[in-house]
Each structure stands twice: as structure tokens, then as C-alpha cells.
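Overview (structure and organization)
If you want the building blocks of each chain, they are given just below.
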Amino acid sequence: MNFDAYARTGVDLVNARLDDLDDLRALFPDASEWMRDEVSERDLAIFRRAQKRLRDVFEYGTSGRDGQAVTELNALLEAFPVQPRISGHDSSDWHMHVTSRGASVSAEYLAGAVWGLSVWLCEYGSARFGVCADERCGNVYLDTSSNCCRRFCSERCATRSHVAAHRARKRAAVGEQVVAAQAAPAESLSPVS
């Protein structure tokens, strides 16, 4: 089983818009065509609740609250238990599924996502769960950097944040120059003793 791929489905869910069924359908990759076809309003409500709880896991991990992240993941593992089974169409296509045949879309997807994030936490620690440092973003990510130093969900957010900080520093420097220039003429008019 590719646990990283399952963990990334958890990231995808937390970062997804879930305003309606079409938003939920967009979450499923092409290989999960049956999920797009069978998803229901009930699934949408379940996904929204799970999305909030998984966001909490990332926020706990980011702030060093490992115990709370583990508690929440354990509760989610109970709600969406993994029941592995082998599936495939012929002897060259065998692969693992995380739930029993006939499971709902939400049960299938969420069992995999929660299992993947749980394995990720056990393997790498909750410090590898991140929330983007760009205040305008808020997306979550899994930190795969070699030294656990990632702060942004993407290069785009990192660049946007760095450019904004650079511009703020330039504005502050220009503001200081204006204040200094305004103060200089007043000092030159004072009588010399």
C-alpha cells in the first residue's frame, strides 16, 4: 500500500472547497470514477465534518500538540476503520483497498486518508504536518523537506509571502527616509549656540 498517497488524499481533502457535490466530485482523481458517480449529499456532510477534524490534526501537529493530534487521529480511525481487501480485474492488476466491498464513498475515501495520515504521523512525527505560513492561504501540507523546515504549502505561496515582506520592508525604509528628511530642515533652522 502506498501510505504517502493515502496521506496526500487527507491533505487534498483539508484543502478542498466543499460547497456542493460538484466540489466534492472534483476531489476524486480519474481512477476513482465510481466515487464521482456514487457520491451523495450524505457523503458531502460527512466529508465536511471530517475536513474540519483533519484540519485540527494539522493545527495540533504544527503547534507541537502531538497528544491531541494522536487522540483526534485515533478517534477518526474508529469512525472510519480500515478493513483491507485485495481487489483487481485480473492477475496483473491486484491492489489493496482499505475498506470492504460496498462501503460508501465517504467510508472508502476517509478510511484511506485517515490511515495514511496516521502512518505518516507514526513514521515522521506530527511536526511534519504543516499549515501554510502565508496568512492569505491556510492550506495544509506534509513537510517532506530534509530538515523539517518547510513553512509554505507551495512555491507560489512562498514567493508571494517573500515578495510581500520585501515590499513591506521597502515601504518602511522609504517611510523612515521621509521622516528623516522632514526632520532635517527643522534641525537646520535651530539657532546654533
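Look above for the structure.
Everything in this summary refers to the structure shown in the same document. (Residues numbered from 1 in each chain as written. Predicted model: local features only at pLDDT ≥ 70, side-chain atom pairs only at ≥ 80, totals over all residues. Heavy atoms only, no water.)

**Considerations on a negative patch on the surface**
The grouping of D30, E33, D37 and E38 at the surface amounts to a negative patch. Tracing the backbone through its elements, the reader meets D37 in helix 3 (residues 33-38). Residue class for D37 comes out exposed when judged on its relative accessible area of 58%. (Patch = residues over 30% accessible without salt bridge, like charges linked within 9 Å, V, L, I, M, F, W, Y side chains within 5 Å. Areas by Shrake-Rupley, 256 points an atom, 1.4 Å probe, with all protein chains shown as cover. Salt bridge = Lys/Arg side-chain N within 4 Å of Asp/Glu carboxyl O. Lys, Arg positive; Asp, Glu negative; His and termini not counted. Charge placed at Lys NZ, Arg CZ, Asp CG, Glu CD. Helix = DSSP H or I, 4+ residues; strand = E, 2+ residues; numbered from the N terminus. Buried < 20%, exposed > 50% of the residue type's maximum accessible area, 1.4 Å probe, protein only.)

**Remarks on the environment of F3**
Locating F3 in the fold gives a position in helix 1 (residues 3-15). Each C-alpha atom, one on F3 and one on L117, is 8.0 Å from the other, the two residues being 114 residues apart in sequence. Apart from residues no more than four positions distant in its own chain, F3 is found in contact with W115, G116 and V119. (Contact = heavy atoms within 4.5 Å.)

**Notes on the state of the cysteines**
Structurally, a disulfide amounts to a covalent bond that connects the sulfur atoms of two cysteines. Scanning all chains against the criterion turns up 0 disulfides. As a non-bridged cysteine, C157 has C137 as the owner of its nearest cysteine sulfur, 3.7 Å distant. Here C157 falls in the buried class, since its relative accessible area comes to 4%. (Disulfide = S-S within 2.5 Å.)

**Considerations on the layout of surface pockets**
By volume, the largest pocket is sized at about 650 Å³. Forming the walls of the largest pocket are 24 residues, and the residues nearest its centre are Y6, S32, M35, H97 and E108. Of all the secondary structure elements, the ones that give two or more residues to the lining of the largest pocket are helix 1, helix 3, strand 1 (85-87), strand 2 (95-97) and helix 6 (105-124). Here the lining of the largest pocket is composed, by residue class, of 12 nonpolar, 9 polar and 3 charged. (1 Å grid on protein atoms, 1.4 Å probe; cavity = no way out; pocket = protein on both sides within 12 Å on 5 of 7 lines; lining within 4 Å. Points joined across faces, edges and corners; volume = space filled by probe spheres on them. Nonpolar A, V, L, I, M, F, W, Y, C, P; charged D, E, K, R; others polar.)

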